[in-house]
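Structure assessment
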Amino acid sequence: MKEKYILSLDQGTTSSRAILFNKKGDIIAMTQKEFPQYYPKPGWVEHNANEIWGSVLAVLGELFGNYNVEPDQIEGIGITNQRETTVVWDKNTGEPVYNAIVWQSRQTASICDELKAKGYEQMVREKTGLVIDAYFSGTKVKWILDNVEGAREKAEKGDLLFGTIDSWLIWKLSGGKVHVTDYTNASRTMIFNIHTLTWDEELLEILGIPKSMLPEVRPSSEVYGKTATYHFFGQEVPIAGAAGDQQAALFGQACFEPGMAKNTYGTGCFMLMNTGEKAVQSENGLLTTIAWGIDGKVEYALEGSIFIAGAAIQWLRDGLRVIEKAPDSENLATKVESSDGVYVVPAFVGLGTPYWDMDARGAIFGLTRGTTREHLVRATLESLAYQTKDVLSAMEADSKIKLNTLRVDGGAVKNNFLMQFQSDILSVPVERPVVNETTALGAAYLAGLATGFWKDKEEIARNWAIEKTFAPELDEQKVEELYSGWKRAIDSTMHWSSLK
Ligand SMILES: Nc1ncnc2c1ncn2[C@@H]1O[C@H](COP(=O)(O)OP(=O)(O)O)[C@@H](O)[C@H]1O
Ligand SMILES: O=P(O)(O)OC[C@H](O)CO
């Protein structure tokens with residue numbers, strides 16, 4: 001009998017991946033494809049939802065084309081996705097009415113300012129666990145309905161559907177039959193009550209979003225439907241799980257107990273701590289979010305969101321052109337002893353946790369005549385670690401838990417310099433697992449639990465293994481000195497685009 005696998009579709013901010021996992025959680029096959037990013041105005045970021053779908057079809061085609069595996073070996077599909085990114089499409093034609101507005105995009109900042117001026121902050125925090133920020137989907141939907149000609153009328157007639165990328169992909173894969181999302185993705189929309197687990201009538205009313213547009217909210221591990229045979233090489237495969245990529249990574253890192261945390265270094269950087277069945281309200285700028293819905297209950301997490309992490313390395317590559325490939329950054333950074341007092345604050349789309357400043361903008365500080373490309377690259381990598389320290393401090397203050405170790409994953413953790421500096425600046429050991437594709441692995445686990453491929457979380461936790469631990473080496477005084485420079489740099493970038 002042919003071996004069975006679980007297929008994970010990981011739709012990230014800059015690329016889509018298809019990864020096959022076996023029972024041990026090992027990667028059997030993997031394909032990846034980048035897709036275009038659009039920056040129509042400063043601070044705006046958009047994708048073409050059809051291009052996203054095209055990239056998913058392309059990685060699927062390559063998977064079965066390049067590897068010795070047949071579509072009928074797929075027992076189930078798990079979907080994981082860049083969160084918050086908003087698609088509105090016509091349910092009759094299947095065509096999006098506007099580009100997908102990406103989570104990073106700031107085009108709804110003025111809508112958020114109005115909501116704040118009306119005093120909704122406390123209500124939004126209590127119901128959704130979120131702060132009012134252009135990051136989340138609700139204001140993006142409103143923007144599309146307000147700005148695309150005819151969209152509001154069509155939405156009111158019931159012809160338009162809204163979805164985050166999970167919904168869009170499930171709808172497409174099922175041939176337009178299934179319009180659902182999972183609890184984790186719903187918890188990032190700013191229109192979902194994370195305590196009652198329902199779409200919130202008051203927020204929908206405030207943002208003018210018709211309820212008929214919304215997907216049904218379902219657990220993260222459940223068969224939602226099957227693939228349309230014409231999209232899946234003649235097979236009806238169960239679509240059996242979905243979760244936002246950061247929650248999927250928490251699951252893939254087997255952070256099943258309250259107090260366990262992971263940090264993912266992709267385009268952005270996201271630290272999540274499991275808080276179990278308790279939704280902890282932050283007093284330090286963290287978000288309260290749903291970790292997953294499984295086994296008939298939801299569990300929660302505290303989250304620190306950093307908007308620009310690996311994207312800063314892409315900026316070194318594509319914007320400044322000081323490196324050719326992201327991994328070159330490690331070699332350059334280690335050519336100098338230190339960043340020589342240079343700080344890069346990559347607040348390109350404002351700042352998330354703990355500052356929540358939509359108007360902050362990026363800056364470089366401490367340049368001298370002796371500053372070289374190496375210093376600049378090193379300072380950019382260091383900025384990922386400093387931002388993570390800001391988040392960890394908030395996390396420890398809110399949870400009253402001191403982390404003994406930090407589990408890491410994501411594209412940038414291959415960078416050994418970054419991981420060592422991270423451990424140094426946090427004074428906490430950093431653990432890099434053998435399977436670095438934990439986001440995809442988490443989605444596979446959620447799907448495989450629904451189909452019976454894996455028995456339970458205990459079986460999954462046994463699959464997790466460390467590849468390398470980075471232990472802190474810097475003394476406390478040096479850490480203090482470096483970090484105080486970062487704090488001064490951050491202060492100087494705040495409110496930049498709103499200052500006249
Ligand atoms: N060796 C490296 N050093 C630093 N950054 C890296 C390295 N390799 C990849 N990256 C960064 O990691 C990111 C890609 O990680 P990934 O987890 O695939 O992101 P996403 O899921 O957000 O698309 C890119 O932003 C890239 O710049
Ligand atoms: O594309 P990633 O992996 O950086 O993740 C994006 C996040 O889900 C945004 O909230």
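Residues numbered from 1 in each chain as written. Chains lettered and ligands numbered in written order. Predicted model: local features only at pLDDT ≥ 70, side-chain atom pairs only at ≥ 80, totals over all residues. Heavy atoms only, no water.

Considerations on helix H9 (residues 245–252)
Counting buried positions over the eight residues of H9 gives eight, a clear majority of the element. Looking at H9, one finds that the buried residues are Asp245, Gln246, Gln247, Ala248, Ala249, Leu250, Phe251 and Gly252. Taken from the residues just after H9, Ala254 is the one with a positive phi, measuring 55°. (Buried < 20%, exposed > 50% of the residue type's maximum accessible area, 1.4 Å probe, protein only. Helix = DSSP H or I, 4+ residues; strand = E, 2+ residues; numbered from the N terminus.)

A short note on the pattern of salt bridges
Applying the stated criterion to the full structure yields 29 salt bridges. Of the charged contacts in the structure, one is a salt bridge between Glu431 and Arg407, with a shortest N-O distance of 4.0 Å. Of this pair, Glu431 sits in strand S22 (residues 430–433) while Arg407 is found in strand S21 (residues 406–409), placing the two residues 24 residues apart along the sequence. Residue Glu431 shares its accessibility class with Arg407, and that shared class is buried. Across the salt bridge formed by Glu467 and Arg432, the nearest N and O atoms sit 2.7 Å from each other. Residue Glu467 is found in strand S23 (residues 466–470), and its partner Arg432 is found in strand S22; the two are separated by 35 residues along the sequence. (Salt bridge = Lys/Arg side-chain N within 4 Å of Asp/Glu carboxyl O.)

Brief notes about the site of ligand 2
Every residue near ligand 2 is listed here: Gly12, Thr13, Gln82, Arg83, Glu84, Trp103, Tyr135, Asp245, Gln246, Thr267, Gly268 and Phe270. Residue Asp245 places a side-chain N or O atom 2.5 Å away from an oxygen atom belonging to ligand 2. With respect to ligand 2, the side chain of Gln246 contributes an N or O atom lying 3.3 Å from an oxygen atom. Within the complex, the protein chains bury 93% of what would otherwise be the 310 Å² of accessible surface of ligand 2. (Near = heavy atom within 4 Å. Polar contact = N/O pair within 3.5 Å; in protein donor to acceptor, adjacent residues only side chain to side chain. Areas by Shrake-Rupley, 256 points an atom, 1.4 Å probe, with all protein chains shown as cover.)

Some words on the UniProt feature "binding site: ADP" (unreviewed entry) in the chain
UniProt's feature table lists "binding site: ADP" (unreviewed entry) at Thr13, Arg17, Thr267, Gly310, Gly411 and Asn415, given in the numbering used throughout. One can find Thr13 in the loop between strand S1 (5–11) and strand S2 (15–21). Residue classification places Thr13 among the buried residues on the basis of a relative accessible area of 7%. Once residues within four sequence positions are removed from consideration, Thr13 is found in contact with Phe35, Gln37, His47, Gln82, Val102, Trp103, Gln104 and Thr267. Along the chain, the position of Asn415 falls in the loop between S21 and helix H13 (416–426). The class for Asn415 is buried, based on a relative accessible area of 8%. (UniProt positions renumbered as here; feature names shortened; annotations may be inferred. Contact = heavy atoms within 4.5 Å.)

Some remarks on the sheet that holds strand S18 (residues 297–306)
If you trace the seven strands from one edge of the open sheet to the other, you get S17-S18-S16-S15-S21-S22-S23, paired in mixed fashion. Both outer strands of the open sheet, strand S17 (287–294) and S23, are each paired with one neighbouring strand and no more. For this sheet, the mean inter-axis angle between neighbouring strands, taken without regard to orientation, is 30°. When S21 meets S22, the two strands line up parallel, connected through two bridges. Residue Arg407 lies in a different strand from S22, and its bridge partner there is Glu431. (Pairing = 2+ DSSP bridges. Axes fitted to C-alpha atoms, helices over the stretch in contact; angles between N-to-C directions.)

Observations concerning the side chain of Glu396
Looking at the element boundaries, Glu396 is found in helix H12 (residues 373–399). When neighbours within four sequence positions are excluded, Glu396 is seen to be in contact with Ile401, Lys402 and Leu403.

Notes on the pairing of S1
In terms of burial, S1 is largely enclosed, as seven of its seven residues are buried. Side-chain alternation along S1 places Tyr5, Leu7, Leu9 and Gln11 on one buried face and Ile6, Ser8 and Asp10 on a second face that is also buried. In this structure, S1 lies alongside strand S5 (residues 74–81), joined through seven bridges in parallel fashion. Paired with Leu7 across the two strands is Ile77, which belongs to S5.

Comments concerning unusual backbone geometry
Most peptide bonds are trans, and most residues other than glycine sit at a negative phi. Cis rather than trans, the peptide bond between Thr353 and Pro354 has omega equal to -5°. Relative to the assigned elements, Pro354 resides in the loop between strand S19 (343–345) and strand S20 (363–365). Not every positive phi belongs to a glycine, and Met190 is a case in point at roughly 70°. For His495, which is not glycine, the phi torsion reads 60° and is therefore positive.

Observations concerning the domain arrangement of the chain
Partitioning the chain into domains gives domain 1 (5–246) and domain 2 (254–433 + 465–499). With 33 residues of domain 1 at the interface, the matching set in domain 2 holds 28 residues. Taken together, both faces of the contact between domain 1 and domain 2 bury some 2,500 Å²; the carbon and sulfur share is 58%. The largest contributions to the domain 1 side of the interface with domain 2 come from Arg106, Arg125 and Gln246, which together make up 23% of the buried area. Inspection of the domain 1/domain 2 interface yields two salt bridges. Of the charged contacts in the structure, one is a salt bridge between Glu303 and Arg188, with a shortest N-O distance of 2.9 Å. Linking domain 1 with domain 2 are twelve residue pairs in polar contact (both at pLDDT 80 or more), by the criterion used here. Of all the secondary-structure elements, those providing two or more residues to the side of domain 1 that touches domain 2 are helix H2 (109–117), helix H3 (121–128) and helix H7 (183–186). For the side of domain 1 that touches domain 2, the leading source of residues is H2, giving four residues. Considered class by class, the residues forming the side of domain 1 that touches domain 2 number 13 nonpolar, twelve polar and eight charged. (Domains from an automatic or database assignment. Buried area = accessible area lost by both parts, 1.4 Å probe. Nonpolar A, V, L, I, M, F, W, Y, C, P; charged D, E, K, R; others polar.)

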